[in-house]
Amino acid sequence: MGFKQPELAEHLIKILTDYRFDELAPTSFYAKALELMKKFKVTFYDAAYHAIALNQNGMFVTADTDYFRKTSKARHVLALRDYNPGQFM
């Protein structure tokens, strides 16, 4: 975020740190992450965050335009360039 969207970085980090996420067991999302990897030819690292968003009915906001392009049909993923700060309040 700091490199690709420096004007939004502080705001986005504040939003993230204000959340009080419950810790998820890896078994709750790893199968979905593996499915995303296979289907869209992406890394487990990115797919894991996306899988959590899918399982929690959330949104994975990514600065990785290639990942977004490949996986946008899976839903629950948003390109950082399209992020609207008031969108998820």
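Structure shown above.
Conventions and cut-offs
- Residues numbered from 1 in each chain as written.
- Predicted model: local features only at pLDDT ≥ 70, side-chain atom pairs only at ≥ 80, totals over all residues.
- Heavy atoms only, no water.
- Axes fitted to C-alpha atoms, helices over the stretch in contact; angles between N-to-C directions.
- Helix = DSSP H or I, 4+ residues; strand = E, 2+ residues; numbered from the N terminus.
- Parallel < 35°, antiparallel > 145°, perpendicular 65-115°, else oblique.
- Left-handed = near helix turned anticlockwise from the far one by under 90°.
- Contact = heavy atoms within 4.5 Å.
- Nonpolar A, V, L, I, M, F, W, Y, C, P; charged D, E, K, R; others polar.
- Phe/Tyr/Trp six-rings, centres within 6.5 Å; stacked < 30°, edge-to-face > 60°.
- Buried < 20%, exposed > 50% of the residue type's maximum accessible area, 1.4 Å probe, protein only.
- Expected span 1.5 Å × (residues − 1).
- Salt bridge = Lys/Arg side-chain N within 4 Å of Asp/Glu carboxyl O.

**Digging into the packing of helix α2 (residues 30–40) against helix α3 (residues 44–55)**
When two helices pack together, their arrangement is given by the angle between the helix axes and the distance between those axes. Two elements in contact, α2 and α3, have axes whose closest approach is 8 Å; the angle formed by their N-to-C orientations is 125 degrees. Looking at the two axes, α2 sits oblique to α3. As for the relative orientation of α2 and α3, their crossing is right-handed in sense. In this structure, α2 contributes Tyr30, Lys32, Ala33, Leu34, Leu36 and Met37 to the contact, and α3 contributes Phe44, Ala47, Ala48, His50, Ala51, Leu54 and Asn55. Classifying every residue of the contact of α2 with α3 gives ten nonpolar, two polar and one charged.

**Quick look at the packing of aromatic side chains**
In this structure the tally under the stated criterion is three aromatic pairs. Aromatic side chains Tyr45 and Tyr49 sit 5.4 Å apart centroid to centroid with 80 degrees between the ring planes, which places their arrangement in the edge-to-face category. Here Tyr45 pairs with Tyr49, and both are found in helix α3, just four residues apart, close to one helical turn. Its relative accessible area of 57% is what places Tyr45 among the exposed residues. Residue Tyr49 is classed as partly exposed on the basis of its relative accessible area, which comes to 43%. Taking the centre distance of 6.2 Å and the plane angle of 15 degrees together, the rings of Tyr49 and Phe60 count as stacked. Linking Tyr49 in helix α3 with Phe60 in strand β1 (residues 60–62), this pair joins segments that are eleven residues apart in sequence.

**Here's the deal with α3**
For α3, with twelve residues, the first-to-last C-alpha span of 16 Å sits near the 16 Å given by 1.5 Å per residue. Inspection of α3 places Asp46, Ala47, Ala48, His50, Ala51, Ala53 and Leu54 among the buried residues, and these make up the whole buried set. For α3, the elements touching its buried residues are α2, β1, α4 (65–71) and β2 (77–79). One or two positions beyond α3, positive phi appears at Asn57, with a value near 55 degrees.

**Describing the pattern of salt bridges**
Following the criterion strictly, the structure yields four salt bridges and no others. The residue Lys14 makes a salt bridge to Asp18 at a minimum N-O spacing of 2.7 Å. Linking Lys14 with Asp18, this pair stays in helix α1 (residues 6–18), spanning four residues, or about one helical turn. A salt bridge links Arg69 to Asp66; the shortest N-O distance between them is 3.5 Å.

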